[in-house]
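Reading the structure
For reference, the chains in residue letters:
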Amino acid sequence: NLKFSQQFTLPSDENDLHIPNRIGFGTQCWGDTSRGFTSERKMTKKMAKEGKLFNPGDLMSAYQTLINGGITFVDTSEAYGGELSAEQIIAMCCNDEQSSLSFTNTPILASKYDPRGANNLLRRFLGLASSTVVRAIRSTCDRLESNSIDLYQIDVAQPTLYLGGKQSLASGLAKAVDLGLCNHVGVCNMNARQMKSMFRKLESVGVPLVSNQFEFSLLNRRALFNGQIQACQDLGVTPIAHTPLARGLATGKYTALNPTGGKLGSAKFDFQTLDPLSPIHEAQEVVAGMVRARLLKSFNDDKEMRSRNYKMKKSSDGEFNKQITTTQVAINYVVAKGAVPIPGINNAKEAEELLGCLGWGLTENEVGILEEACDKAEKYRPPTP
């Protein structure tokens, strides 16, 4: 990626798991009819009124846009979707003849073991955790129509409920690696103490823990204060941030003065929720303006870069497109704090906006402006360390 400022450098990889551009995308809504998915090929106004917002074609378009644009880390789970699972839709995207021929980058596939699933609840009482994990990842690979995946994660809040406990879970993950079913293993939603314990268990069976996925965003900075991110840094574990846009509240699109986000219809969030966040939303606008000005100056100062290497969008007359959105500011805040954001993406428009995060980062001053605003937002004031 092009560096627009000498102040911007992407963080180094913590381990052998390389995530290009330190940004990925999530697929939690893929295949889930309760979250806006429809299997119908043609979208109608009636569907939109019923809350059906995207179909397989939209997801394939988003997938191709992101993979070709350089955001190749795809996060999913065996629990995502419905009659058509998210893993199956990803397989459709990978194997679509027309799309796959035009891919310029290789996707990095990550999935999760869901202990709450009906099948896994039954497996919990029928066998050791190690065999349960191996069976689960085999099923994931079958749905993804792949022999192996890059990262397999477990989200187990109470591993002692499994026969064999943590050690058996660690053995199952190690066996998945030995069998070639995955290249790396990670955990989800583990606090610092739980992660350190699993790190040691995996270390004892010769497999490194490479990632911990947990919630982190401009509006939820608990991981900065409860030791999660620091523990990741100490252990060389990649922190992966799910819900980096706080379910829409951190996009800056929904504000106390604009609760509908500029769309027709009822407000997505009520005034009582949005009003305390006003300092953050105002700061996002300020920072977006600062980034636009900084990138425009860099664009105009370096004519050689402009003619040979410039990769961001240009308008029809060749001038710099100064559009930097508050959503992009929120995503790059997560990157600036050392985590890998994986926002959910459901269509090509969202994919294009996410690609607009590449090639630039926030300065220390810009991060400071955002964090000062977070401290002012009483509802989301961070807890005392």
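My aim in this report is to walk through the structure given alongside it, one point at a time. (Residues numbered from 1 in each chain as written. Predicted model: local features only at pLDDT ≥ 70, side-chain atom pairs only at ≥ 80, totals over all residues. Heavy atoms only, no water.)

The subject of this paragraph is helix α6 (residues 129-144). Taking 1.5 Å per residue as the helical rise, α6 with its 16 residues ought to reach 22 Å, and the 23 Å between its terminal C-alpha atoms agrees with that figure. Listed in full, the buried residues belonging to α6 are Ala129, Ser130, Thr132, Val133, Val134, Ala136, Ile137, Thr140, Cys141 and Leu144. Of the residues flanking the end of α6, it is Glu145, one or two places downstream, whose phi is positive at about 55 degrees. (Helix = DSSP H or I, 4+ residues; strand = E, 2+ residues; numbered from the N terminus. Expected span 1.5 Å × (residues − 1). Buried < 20%, exposed > 50% of the residue type's maximum accessible area, 1.4 Å probe, protein only.)

Moving on, we come to the pairing of strand β5 (residues 182-188). Within β5, 6 of the 7 residues are buried, which leaves it mostly tucked inside the rest of the structure. Note: strand β4 (residues 149-154) against β5, 5 bridges, orientation parallel. Bridge pairing in β5 places Tyr152 opposite Val185. Two strands pair when backbone bridges link them, and β5 and strand β6 (residues 209-215) are joined in this way by 4 bridges, in the parallel orientation. Looking at the pairing, Cys188 lines up with Gln213 of β6. (Pairing = 2+ DSSP bridges.)

So, on to the sheet that holds β4. Overall, parallel pairing links the 8 strands, which are arranged β1-β2-β3-β4-β5-β6-β7-β8 in an open sheet. Pairing within the sheet leaves two strands with one partner each, and these edge strands are β1 (24-26) and β8 (340-341). Contacts from helix α8 (residues 192-204) reach β4, β5 and β6 within the one sheet, and its direction differs from that of β6 by about 160 degrees. (Contact = heavy atoms within 4.5 Å. Axes fitted to C-alpha atoms, helices over the stretch in contact; angles between N-to-C directions.)

Another point: the packing of aromatic side chains. One pass over the full model with this rule turns up 5 aromatic pairs. Judged by centre distance (6.4 Å) and plane angle (35 degrees), the rings of Phe25 and Trp30 are tilted. The pair Phe25 / Trp30 is uniform in exposure class, with both members buried. Seen from their ring centres, Phe37 and Phe54 are 6.1 Å apart, and the 55 degrees between their planes marks the pair as tilted. Remark: Phe54 occurs in the loop between α1 (45-49) and α2 (56-69) and Phe37 occurs in the loop between β1 and α1; sequence separation between them is 17 residues. With respect to burial, Phe37 and Phe54 carry one shared label: buried. A network of ring pairs unites the aromatic residues Phe25, Trp30 and Tyr63 as a single cluster. (Phe/Tyr/Trp six-rings, centres within 6.5 Å; stacked < 30°, edge-to-face > 60°.)

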